[in-house]
Amino acid sequence: MKFTKRCDHCGHVEVAYTYMLNRSLVNALRKLVDWWETTHTLAELKNLNLTNSQYGNFAHMQYFGLIKPVPGGWFPSEHGVAFIYGEEPTVMPMAVMQGTILPSNHGAWSTHHIQPHEVYVWQIEKEAYKQRSQYAEEKSQNASLFDLRK
């Protein structure tokens, strides 16, 4: 995207930036969802075993509505969990200007080669897709672990 806007009064230039989800970010989201479902607590990034790239780009997932920052950590949004389970798509790419997400009808999109469209998790990274059968298997394993503690 090559969209800029210059203020007539002060000359300040605002630039629109685009963001895409990739395999690395989707895998980082999967780690966050797994953390949340296991601990039911906020995750500090240091606890997720992220790569340098995942760590540096993690916050970009909030533009897609997949994660939420709060003081002390991060947690997946309902949309983020549904996305990992393949129940909901997300829109990609996203454009941000001055911290504001640009709607799909914003004039900046006329300068970009990819228009916003819906994508599902398995279209980006099949390994991160948490299918319901896998979820059921995890539940039965957890139940076995709890039975051992009795």
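Residues numbered from 1 in each chain as written. Predicted model: local features only at pLDDT ≥ 70, side-chain atom pairs only at ≥ 80, totals over all residues. Heavy atoms only, no water.

With that settled, the discussion passes to the confidence of the model for the protein. Taken as a whole, the protein shows an average pLDDT of 86; of its residues, 87% reach a score of 70 or greater. Note that residues 143-150 has pLDDT below 50 and, in this model, zero contacts with residues that lie over four places away or in other chains. (pLDDT = per-residue confidence, 0-100. Contact = heavy atoms within 4.5 Å.)

Our next topic: the packing of aromatic side chains. Using the criterion set out here, one finds four aromatic pairs in the structure. Measuring from centroid to centroid gives 4.9 Å for Y19 and Y63, while their planes differ by 40°, and the two rings are tilted. Here the residue Y19 occupies a position in strand 2 (residues 13-19), and Y63 occupies one in the loop between helix 2 (52-57) and strand 3 (67-70), the gap between them amounting to 44 residues. Across the pair, Y63 and Y19 agree in class, each one buried. Between the aromatic rings of Y120 and W122, the centroid separation amounts to 4.7 Å while the plane-to-plane angle is 15°, which identifies the pairing as stacked. (Phe/Tyr/Trp six-rings, centres within 6.5 Å; stacked < 30°, edge-to-face > 60°. Helix = DSSP H or I, 4+ residues; strand = E, 2+ residues; numbered from the N terminus. Buried < 20%, exposed > 50% of the residue type's maximum accessible area, 1.4 Å probe, protein only.)

For helix 1 (residues 23-39), which comprises 17 residues, the first-to-last C-alpha distance of 24 Å matches the rise-based estimate of 24 Å (1.5 Å per residue) to within 8%. Of all the residues in helix 1, the buried ones are L25, V26, A28, L29, R30, L32 and V33. Where helix 1 starts, the residue carrying a side-chain oxygen 3.1 Å from the main-chain nitrogen of S24 turns out to be N22. Positive backbone phi, at 55°, marks H40, one or two positions downstream of helix 1. (Expected span 1.5 Å × (residues − 1). Polar contact = N/O pair within 3.5 Å; in protein donor to acceptor, adjacent residues only side chain to side chain.)

Turning to the pairing of strand 4 (residues 73-76), a few remarks are in order. Relative to strand 4, strand 3 runs antiparallel, the two being bridged by four bridges. Counted as the bridge partner of K68 is F75 from strand 4. Here strand 3 hands over to strand 4 after two residues, with G72 in that stretch at a positive phi of 100°. (Pairing = 2+ DSSP bridges.)

Let us look at the environment of E88. Mapping E88 onto the fold places it in the loop between helix 3 (78-84) and strand 5 (90-92). With 31 residues separating them in the primary sequence, E88 and V119 have C-alpha atoms 8.7 Å apart. Discounting chain neighbours no more than four positions away, the residues touching E88 are H79, A82, F83 and Y120. In this structure the side chain of E88 is engaged in a polar contact, spanning 2.6 Å, whose partner is the side chain of H79.

As a further point, take the pattern of salt bridges. By the definition in use, this model includes three salt bridges. Here D34 ties to R30 by a salt bridge, and the two come within 3.0 Å at their closest N and O atoms. Taken together, the residues D34 and R30, both in helix 1 and four residues apart, mark about one turn of the helix. Overall, R30 belongs to the buried group, its relative accessible area being 11%. Between K46 and E44 there is a salt bridge, and its shortest N-O distance comes to 3.6 Å. A relative accessible area of 62% means that K46 is categorised as exposed. (Salt bridge = Lys/Arg side-chain N within 4 Å of Asp/Glu carboxyl O.)

Once that is clear, we can look at the side chain of T90. With respect to the helices and strands, T90 occurs in strand 5. A distance of 3.2 Å separates polar atoms of two side chains, one belonging to T90 and the other to H79. Beyond its immediate stretch of four places on either side in the chain, T90 contacts L21, F64, L66, H79, F83, H117, E118 and V119.

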